[in-house]
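This is what each chain is made of:
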Amino acid sequence: MLYKLQGRSGLSVEFLDIGGCVKSIITPDRSGHAANVVMSFATEAEYHRDHPYFGALVGRFSGRIAKAKFALDGVEYSLSANNGRNHIAGGAQGFDKKIWSVEVLSESSAKLTYSSPDGDEGYPGKLDVAVTYSVTNDNEFRIDYEAITDKPTVLNLTNHSYFNLGGEGSGTVEGHVLTVNADKVIEVDDELIPTGRILDVVETPLDFRTPHTIGARIRSGHPLTKFAKGYDCSFVLDGSKNLRVVARTYDPVTGRILDVQTTEPSLAFYSGNFLNGSLIGASGRQYRQGDAFTLEPRHLPDSPNQPSFPTTTLRPGERYEATTIYRFSTDSGR
């Protein structure tokens, strides 16, 4: 079922109960022309098939977990291996494939809930999750996450919307200008699994502390772009748990600007490397490599197996809480 949230500033968001998938984010360009700025399908039925998590709520654990297993309190848990020998994005039947209950709170907000049973995709504990989607009067799409468990477990939630500030189906995002407020990134191997090392971004193609286009260094030959066939990296943010701006993307053609705020410790940046033209979007156009990007605030991948990373353990009596805000504006000041 399709739901629509409308803010007074003109921003609107459509989403589905299947996977909580964000189907559209409509926002104007510098001339006032409104367009959808996320990848989407034309029909709801297409979201019930396999797809690259377009707009989906991803869990229980977004990102990869090495060898599809982890140990918690001396007990080893085996997960579904759905990325070679590794686990990714919650498994073969993750949160992106679940039907979420939706409570419409107002014309601008809705709460999505799902109860994940003990053993779901191999994860321990019954997990109750609530995600609130809100459109604010400041042209913001706000996502608030909450969860509780009845057994010790691990949890790492995000939303996997693919953005193109030129408009859905408009072609490559390599000309978009990106800034990321991070001076560290995790090192990964050729399976995109963290090695445990944290690298400085200085003098690497992952240094976005000063603005430059996504395409400027994407073919650099650096191991972290070579393994991923582009950008598929996790930046380590400052240690703050407060809501703060962590990234900005600007499209010089349309003038649209996207600012990302979060309480999370990491930002995953993906440049649509594995889009191969086989999927047709709502515009009727093929989605090809580099036609969109994601900026996903979350915890670091493989955290349950990396004791030096911020913990993703959730225990009974604790409450998982996180917030991400996507704020839209233009270079005309609108």
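Right above here is the structure, for reference.
Residue indices begin from 1 for each chain and proceed along its sequence in written order. For this predicted model, a pLDDT threshold of at least 70 governs which residues receive local features, and a threshold of 80 or more governs which side-chain atom pairs are given and counted, while totals over whole chains, interfaces and linings are taken from all residues. Values reported for side chains reflect all heavy atoms of the structure, with hydrogen atoms and water molecules removed beforehand.

**Focus: the packing of aromatic side chains**
Argument step 1. To pair, rings of Phe, Tyr and Trp, with the six-membered ring standing in for Trp, must have centres within 6.5 Å; the planes then decide the type, stacked if under 30 degrees apart, edge-to-face if over 60, and tilted in the middle. Counting across every chain of the model gives 20 aromatic pairs.
Argument step 2. Ring geometry for F54 against Y287: centres 5.7 Å apart, planes inclined by 80 degrees, an arrangement best described as edge-to-face. Here F54 is found in the loop between β4 (34-36) and β5 (56-58), whereas its partner Y287 is found in strand β25 (residues 286-288), with 233 residues between them in sequence. Like F54, the residue Y287 is buried in the burial classification.
Argument step 3. Here the aromatic rings of F95 and W100 are separated by 5.8 Å at their centres, their planes lie at 85 degrees, and the arrangement is edge-to-face.
Argument step 4. Put simply, the rings of F41, Y47, F54, Y162, Y270, F274 and Y287 touch in pairs and so form one group of aromatic residues. In DSSP terms, a helix is any run of H or I states spanning at least four residues, a strand is any run of E spanning at least two, and both are numbered starting from the N terminus. Only protein chains enter the calculation, and the probe is 1.4 Å; a residue is then buried if its accessible area is under 20% of its type maximum, exposed if over 50%, and partly exposed in between.

**A closer look at the nonpolar core**
Argument step 1. We define the nonpolar core as a collection of buried residues of types Ala, Val, Leu, Ile, Met, Phe, Trp, Tyr and Cys that are connected through side-chain atoms lying within 4.5 Å of one another. Ranked by internal contacts, the top residues of the largest apolar core, which has 63 residues, are I25, Y133, F235, F269 and F328.
Argument step 2. The dominant element in this core, judged by the number of residues it contributes, is strand β12 (residues 127-135), at five residues.
Argument step 3. Counting residues in hydrophobic clusters, the runner-up holds 17 residues, among them L16, M39, Y47 and Y53.

**Observations regarding the sheet that holds strand β11 (residues 109-116)**
Argument step 1. Overall, antiparallel pairing links the nine strands, which are arranged β10-β11-β12-β13-β28-β22-β21-β16-β19 in an open sheet. Two strands close off the open sheet at either side, each with one partner strand: β10 (101-106) and β19 (212-213).
Argument step 2. When DSSP finds at least two bridges between two strands, those strands are taken to pair. Two elements, β11 and β12, share eight bridges in a ladder whose sense is antiparallel. Of the residues in β12, the one forming a bridge with S109 is S134.

**Structural notes on the pairing of β12**
Argument step 1. The buried fraction of β12 amounts to eight of the nine residues, a majority that puts the element mostly inside the structure.
Argument step 2. Where β12 folds back onto strand β13 (residues 140-149) in an antiparallel hairpin, the turn is made up of four residues, including N139, whose phi is positive at roughly 65 degrees.

None of this, on its own, says anything about what the molecule does.
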